[in-house]
Amino acid sequence: MSAPLLEVNDLKMHFPLNGGLFGAADRFVYAVDGLSFRVEKGETLSLVGESGCGKSTVGRAILRLLKPTGGQVVLGGQRIDDMSSSALRPLRRRVQVVFQDPFSSLNPRIRVRDALAEPINNFRLAKNRQELDRKLNALMDKVGLPREALGRWPHEFSGGQRQRIGIARALAAEPDLIVCDEAVSALDVSVKAQIVNLLGGLQAELGLALLFISHDLAIVEHMTHRVAVMYLGKIAEIGTKRQIFARPRHPYTEALLSAVPKPDPDSKRDRIMLKGDVPSPIDPPKGCRFHTRCPYAFERCRSEEPRLKEVERGHEAACHLNDRAAEDNPLLSGARA
Ligand code: SF4
């Protein structure tokens, strides 16, 4: 089996809160606290969870916009978390990003042509002017925008069109992986569907891998291969789309899924209302981090942290309920076929 495109091993992102005695920080925000996953070539892995669970911080660590506190980020077999900026430079091309708000990542004083040409020139991907023009035209074709729009300014486009330009800019670097950080969250429903379809089509055409960071499970269901559910800086559950959506093995996943609208009016899925707010990542609960909100919490959950364990081939969950016999596991008795 070939090596994965991206491996994240025991990633930690701890942000100091304040300076303690002698200036050393004595409190930290444990935004990401020991998280591991892989992304294969040409695959979409979705990282989902409520806002503040640390999923965007993971994206930024992979992009090396933030330096990890601990753990490893391995791209194509090379560790990039501890690389110097100069060593990292040629590898930066391979991982690009599409942010939620494309307007903030497009300079309003730079025409689309120059915004798209920048990565091509920076990474020396065109030998001459003719090749550059060919690549720019091809990018506009790929994202479904007219070629003549290359001469326009960012403010002349709608939100959906700007997101197409953001995708074109990411593609311009000819990456292997695109981190889509809430890339469709700010768009209207119909535009959202168009952009999701565009990303899916590009992935199939170009063999791209996507790390799709989102709080919206309804969108994720349409376009992902696998799903990793995050809660308070850790992975609660990871598996294929089918495993996660049809047979969740963590109460948090079950609750998130219960909030996804179902097209079938006869669907019997009741909404599970989680009690309380997400606890602070400064002082996460002992034992299972989810125990303060979990409808099934029992004594062991308050003292012992559950580890991610395989519950079926390719499907892991961090919940003590999975150590029980099937008839005593409420996740299995309520499982959807
Ligand atoms: Fe709930 Fe306990 Fe499972 Fe945590 S370990 S999710 S508290 S049942």
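Residues numbered from 1 in each chain as written. Predicted model: local features only at pLDDT ≥ 70, side-chain atom pairs only at ≥ 80, totals over all residues. Heavy atoms only, no water.

**Quick notes on the domain arrangement of the protein chain**
Quick reminder of the rule: Just so you know, the domain bounds were taken from an automatic or database domain assignment. A contact between two residues is defined here by any heavy atoms of the two lying within 4.5 Å. Note: buried area is the sum, over both parts, of the accessible area (probe 1.4 Å) each one loses when the two are combined. By definition here, a salt bridge exists when the distance from a side-chain nitrogen of Lys or Arg to a carboxyl oxygen of Asp or Glu is within 4 Å. Throughout this description, a polar contact denotes any pair of N or O atoms lying within 3.5 Å of each other; where both atoms belong to protein, one of them has to be capable of donating a hydrogen while the other can accept it, and for residues adjacent in sequence the pair is counted only when both atoms sit in side chains. Strands are runs of DSSP state E lasting at least 2 residues, helices are runs of H or I lasting at least 4, and numbering of each runs from the N terminus. Classes in brief: Ala, Val, Leu, Ile, Met, Phe, Trp, Tyr, Cys and Pro nonpolar; Asp, Glu, Lys and Arg charged; the others, Gly included, polar.
With domains assigned, the protein chain is organised as domain 1 (38–66 + 84–224) and domain 2 (237–337). For domain 1 and domain 2, the distance between their C-alpha centroids amounts to 32 Å. Every contact between the two is made by eight residues of domain 1 and, on the other side, ten residues of domain 2. Carbon and sulfur atoms make up 65% of the area that domain 1 and domain 2 hide from each other, which totals about 890 Å². A per-residue breakdown of the area domain 1 buries against domain 2 is headed by Glu50, Leu217 and Glu221, which together make up 62% of the total. Linking domain 1 with domain 2 are one salt bridge, by the criterion used here. For the pair domain 1 and domain 2, the number of links is three residue pairs in polar contact (both at pLDDT 80 or more). Looking at the side of domain 1 that touches domain 2 element by element, the count peaks at four residues for helix H8 (residues 217–223). Tallied by class, residues from the side of domain 1 that touches domain 2 come to four nonpolar, two polar and two charged.

**As for helix H7 (residues 189–206)**
For clarity, the threshold we go by: What a helix is expected to span follows from its residue count: subtract one and scale by 1.5 Å.
Relative to the 26 Å expected for 18 residues at 1.5 Å per residue, H7 spans 26 Å between its end C-alpha atoms, a close match to the ideal helical length. Of the surrounding secondary structure, the elements contacted by the buried residues of H7 are strand S3 (44–48), helix H5 (129–142), helix H6 (159–172), strand S7 (177–181), strand S8 (209–214) and H8. Of the residues flanking the end of H7, it is Gly207, one or two places downstream, whose phi is positive at about 70 degrees.

**Considerations on the packing of aromatic side chains**
Rule in force here: Two aromatic rings, drawn from Phe, Tyr or Trp (for Trp, its six-membered ring), form a pair once their centres lie within 6.5 Å of each other, and the interplanar angle then sorts them: stacked below 30 degrees, edge-to-face above 60, tilted otherwise.
On inspection of all chains with the given rule, the structure shows four aromatic pairs. Among the aromatic side chains, those forming a connected cluster through ring pairs are Tyr231, Tyr252 and Phe290.

**Digging into unusual backbone geometry**
Our working rule: Here's how the labels work: a residue is buried when its accessible area is under 20% of the maximum for its type, exposed when over 50%, partly exposed in between, all with a 1.4 Å probe on protein chains only.
A positive phi angle, near 60 degrees, is found at Arg64, a position not held by glycine. Phi is positive for Glu174, close to 55 degrees, though the residue is something other than glycine. Structurally, the position occupied by Glu174 is in the loop between H6 and S7. For Glu174, a relative accessible area of 37% corresponds to the partly exposed category.

**Quick word on the environment of Leu150**
By the element assignment, Leu150 lies in the loop between H5 and H6. When neighbours within four sequence positions are excluded, Leu150 is seen to be in contact with Arg111, Val112, Arg113, Leu116, Leu136, Asn137 and Met140.

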